Amino acid sequence: VEGKWDECLATLHHIGLTDEVIYKSASFLLLEQKYLDLLREGKFMDALLALRNEIVPLSINVDRVHELSAYIINPSQFLALGLSDQDTATAISRASCLEKLQKLLPAAILIPERRLEHLIEQALDVQRDSCVFHNTLNSDLSLYSDHQCGKDHIPSETLQVGNVYF
């Protein structure tokens, strides 16, 4: 997310992906983002070098490579895709890149976003569902102790009687 593309690629190499297709696809995503960032910064020569020396040798997604190369030839076409605020466009683009990486890489390598929150919600749902006497949606559930409602939580008093009309 910070734009340290060379470090990202080195990390990708060191995590030991055994599937070459996934490795090349992940590398392509990172290098594509690097290329787009260089274009946004107006570094057209650096972008061209990244395209020629890093992206093309991967030999994948040729149609997308052609699309990217068109941005060098006609930068206004690329700039028309982005937002008016360069920082916002970069942040959105990098977040999108991260989302694509999360879908591509195995969960053991890159933990999905909000995974801990999801696990905590699951644990609380299991506690609520396993409670025999539980009858309210809003109760004090905690991960510090197991939740158990006692028999005293079952409604036993009539508070309101409705009229029945036939």
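Owing to the predicted nature of the structure, the values given are computational and were not obtained by experimental measurement.

Colleague: Go over the overall build of the protein chain, please, and point to the residues and values.
Modeller: A tally of helices and strands in the protein chain yields seven helices and zero strands. Here the protein chain, with 166 residues, has 27% of them falling under the buried criterion. In the protein chain, of all internal contacts separated by at least 6 residues, the share reaching a separation of at least 24 is 50%. With an accessible surface of roughly 12100 Å², the protein chain has 56% of that area assigned to carbon and sulfur atoms.

Colleague: How would you summarise helix α2 (residues 20-40) if you had to cite specific residues and measurements?
Modeller: Helix length check: α2 (21 residues) gives 30 Å between terminal C-alpha atoms against 30 Å at 1.5 Å per residue, within 8%. Within α2, 16 of the 21 residues are buried, leaving the element largely enclosed by the surrounding structure. Here α2 starts with a cap whose side-chain oxygen sits 3.0 Å from the backbone nitrogen of Val21, and that cap is Asp19. At the exit of α2 stands Gly42, carrying a positive phi of roughly 80 degrees.

Colleague: Lay out the side chain of Arg64 in plain terms, naming residues and giving numbers.
Modeller: Relative to the helices and strands, Arg64 is located in helix α4 (residues 62-73). Separated by 2.4 Å, the side chains of Arg64 and Glu32 make a polar contact. At a separation of 2.6 Å, a polar atom in the side chain of Arg64 contacts the side chain of Glu67. With sequence-adjacent residues up to four places away left out, Arg64 is seen in contact with Phe28, Glu32, Leu36 and Tyr71.

Colleague: Can you explain the packing of helix α1 (residues 5-14) against α2? Please cite residues and give values.
Modeller: Any two packed helices are characterised by the angle at which their axes cross and by the distance between the axes. Where α1 contacts α2, the two axes come as close as 10 Å, and the packing angle between them is 175 degrees. Considered as vectors, α1 and α2 are oriented roughly antiparallel to each other. Along the contact surface, α1 presents Trp5, Asp6, Cys8, Leu9, Leu12 and His13, while α2 presents Tyr23, Ala26, Ser27, Leu30, Leu31, Gln33, Lys34 and Asp37. Taken together, the residues of the contact of α1 with α2 break down into eight nonpolar, three polar and three charged.

Colleague: Go over the confidence of the model for the protein chain, please, and point to the residues and values.
Modeller: Per-residue pLDDT for the protein chain averages 79, and the proportion of residues at 70 or more is 80%. Element-level pLDDT for the protein chain is lowest in helix α5 (residues 75-81), with a mean of 63, against a maximum mean of 92 in helix α3 (residues 44-55).

Colleague: So, the pattern of salt bridges: which residues are in play, and what are the values?
Modeller: Summed over all chains, the structure comprises nine salt bridges. Notably, a salt bridge pairs Asp37 with Arg40, separated by 3.2 Å at the nearest N-O pair. You can see Asp37 and its partner Arg40 sitting in helix α2, three residues apart, about one turn around the helix. By the burial criterion, Asp37 is buried, and Arg40 matches it. Within this structure, Asp6, Lys34 and Glu54 form a network of salt bridges that share partners.

Reading the values: rules and limits
- Residues numbered from 1 in each chain as written.
- Predicted model: local features only at pLDDT ≥ 70, side-chain atom pairs only at ≥ 80, totals over all residues.
- Heavy atoms only, no water.
- Helix = DSSP H or I, 4+ residues; strand = E, 2+ residues; numbered from the N terminus.
- Buried < 20%, exposed > 50% of the residue type's maximum accessible area, 1.4 Å probe, protein only.
- Contact = heavy atoms within 4.5 Å.
- Areas by Shrake-Rupley, 256 points an atom, 1.4 Å probe, with all protein chains shown as cover.
- Expected span 1.5 Å × (residues − 1).
- Polar contact = N/O pair within 3.5 Å; in protein donor to acceptor, adjacent residues only side chain to side chain.
- Axes fitted to C-alpha atoms, helices over the stretch in contact; angles between N-to-C directions.
- Parallel < 35°, antiparallel > 145°, perpendicular 65-115°, else oblique.
- Nonpolar A, V, L, I, M, F, W, Y, C, P; charged D, E, K, R; others polar.
- pLDDT = per-residue confidence, 0-100.
- Salt bridge = Lys/Arg side-chain N within 4 Å of Asp/Glu carboxyl O.

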